[in-house]
Amino acid sequence: MKKLGFGLMRLPQIGEGTSAQIDFETVCAMVDRFLEQGFTYFDTAYMYMEYQSEDILRRAVVERHPRESFTVADKMPTMFLKKKEDLSRIFQEQQQKCGVDYFDYYLLHSLNVEHYRIAQELGAFEFVSEMKRQGKVRQMGFSFHDTADVLDRILTEHPEVDFVQLQINYLDWDSDKIQSRLCYETAVRHQKPVIVMEPVKGGSLAKVPQEAQLLLHHANPNVSVPSWAIRFAASLDQVMMVLSGMSNMEQLEDNTSYMKDFQPLNQEEEKLVERVKYIIQDSIAIPCTGCEYCTDGCPQEIPIPQCFARYNQYKQNPTKGFSLEGLPGGNPIDCIECGQCESICPQHLPIISLLKQVEQAAE
């Protein structure tokens, strides 16, 4: 397989805010172009695109192309599991929504200490193993958002998994919180292939500070800024797939252009990426990827990622001022500090205190 996967979590939309709708015609055109160039991997999940992603996969991919021409990855939402019966109920629902008899890749979604406890108590690993025995799953794995020692524990206790999905990008490579390097090295030690998520860190590595942009452009004026991030992840020996949540045809054409005949970073390029990393670290106030996991279940309906994005833009260019006007839902001042958002944030951000920062800036 070519190393680029199509993540169906940031699909093109028509309109904005609560009235926005998925641009199905553009999605179909992107899917066709992706397959036409020899790429095959599509990644979805139960809650992506406000629970519409699996349906879109069926309509845009499964119902329009031969089953042998593509591979499907879906995920069991461990954060929504309450009892054992939920496993079979959700799996059957996913098969129906995706329109497939089997999943090429099936993952337990977003394992951390708490979600792993739930998966253990409800027999989630055993359930997926049984689905694999029945031919409804070809390869089983899990996506992971915690420290390397937790990953080591899971892989030690469950050597039956075929692969792991990790957050890897050059900005998080040596992060104490994300621990991309340590997690990758743990997967290597357990001889598990790695699928990479967030290689462009929710788009933040596509729009880098001007100083970093000039460095990258000087090194190679013919390639895009995000290409450096995706190539960084894909250059790792044990990485089998790098996911990109492509939002328009321009992004898809760009990503496929350099991943069709992929060339790993050379030593000089690795040094350049390291310099760029330090420039970016000095410029980002809040390292939010915009995944929106935190907004599901927020009792105040605060658009947390959009608030943080506005704040980051303000910190990079304070002369333009700062405002939260026009955002849907509640305001940071409405936060009741329930902690729901912090418990599920893959970046382990102190969201409650950060919202206070944003509110103070708005005032």
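In case you missed it, the structure is sitting above this.
Described in the following lines is the structure provided in the data block.

Cut-offs and rules
Residues numbered from 1 in each chain as written. Predicted model: local features only at pLDDT ≥ 70, side-chain atom pairs only at ≥ 80, totals over all residues. Heavy atoms only, no water. Axes fitted to C-alpha atoms, helices over the stretch in contact; angles between N-to-C directions. Helix = DSSP H or I, 4+ residues; strand = E, 2+ residues; numbered from the N terminus. Parallel < 35°, antiparallel > 145°, perpendicular 65-115°, else oblique. Left-handed = near helix turned anticlockwise from the far one by under 90°. Contact = heavy atoms within 4.5 Å. Nonpolar A, V, L, I, M, F, W, Y, C, P; charged D, E, K, R; others polar. Buried < 20%, exposed > 50% of the residue type's maximum accessible area, 1.4 Å probe, protein only. Pairing = 2+ DSSP bridges. Right-handed = clockwise from strand over helix to strand, strands pointing away. Salt bridge = Lys/Arg side-chain N within 4 Å of Asp/Glu carboxyl O.

1. Examining the packing of helix α9 (residues 210–219) against helix α12 (residues 267–281)
For any two helices packed against each other, one specifies the inter-axial angle together with the distance between the axes. Remark: α9 packs on α12, axes separated minimally by 9 Å, with the N-to-C direction vectors making an angle of 165°. Our classification of the angle between α9 and α12 gives roughly antiparallel. Regarding α9 and α12, the two cross each other, and that crossing is left-handed. In this structure, α9 uses Glu211, Ala212, Leu215, Leu216 and Ala219 to contact α12, whose residues at the interface are Leu272, Arg275, Val276 and Ile279. For the contact of α9 with α12, a count of residues per class yields seven nonpolar, no polar and two charged.

2. Let's talk about the pairing of strand β8 (residues 163–167)
The buried fraction of β8 is high, at five of five residues. Neither face of β8 is open: one carries Phe163, Gln165 and Gln167, the other Val164 and Leu166, and all of them are buried. With three bridges connecting them, strand β7 (residues 137–144) and β8 associate as parallel partners. Paired with glycine 141 across the bridge in β8 is phenylalanine 163. Considered for its hand, the β-α-β crossover made up of β7, helix α7 (residues 148–157) and β8 is right-handed. A crossover connection joins β8 to the parallel strand β9 (residues 194–197) through helix α8 (residues 180–189); in handedness this β-α-β unit is right-handed.

3. Section: the pattern of salt bridges
By the definition in use, this model includes 25 salt bridges. Note that lysine 75 is salt-bridged to aspartate 43, the shortest N-O span being 2.7 Å. Here lysine 75 is found in strand β5 (residues 71–76), whereas its partner aspartate 43 is found in strand β4 (residues 41–43), with 32 residues between them in sequence. Taken individually, lysine 75 and aspartate 43 each receive the classification buried, so the pair is uniform in this respect. The closest approach of N and O atoms between arginine 181 and aspartate 174, which form a salt bridge, is 2.8 Å. Relative accessible area serves as the criterion here: at 31%, arginine 181 is assigned to the partly exposed category. Classification of aspartate 174 as partly exposed rests on a relative accessible area of 40%. Salt bridges here are not isolated pairs; linked through shared partners, they connect Lys83, Asp86, Arg89 and Glu93.

Fair warning: the whole summary comes from geometry, so function is off the table for now.
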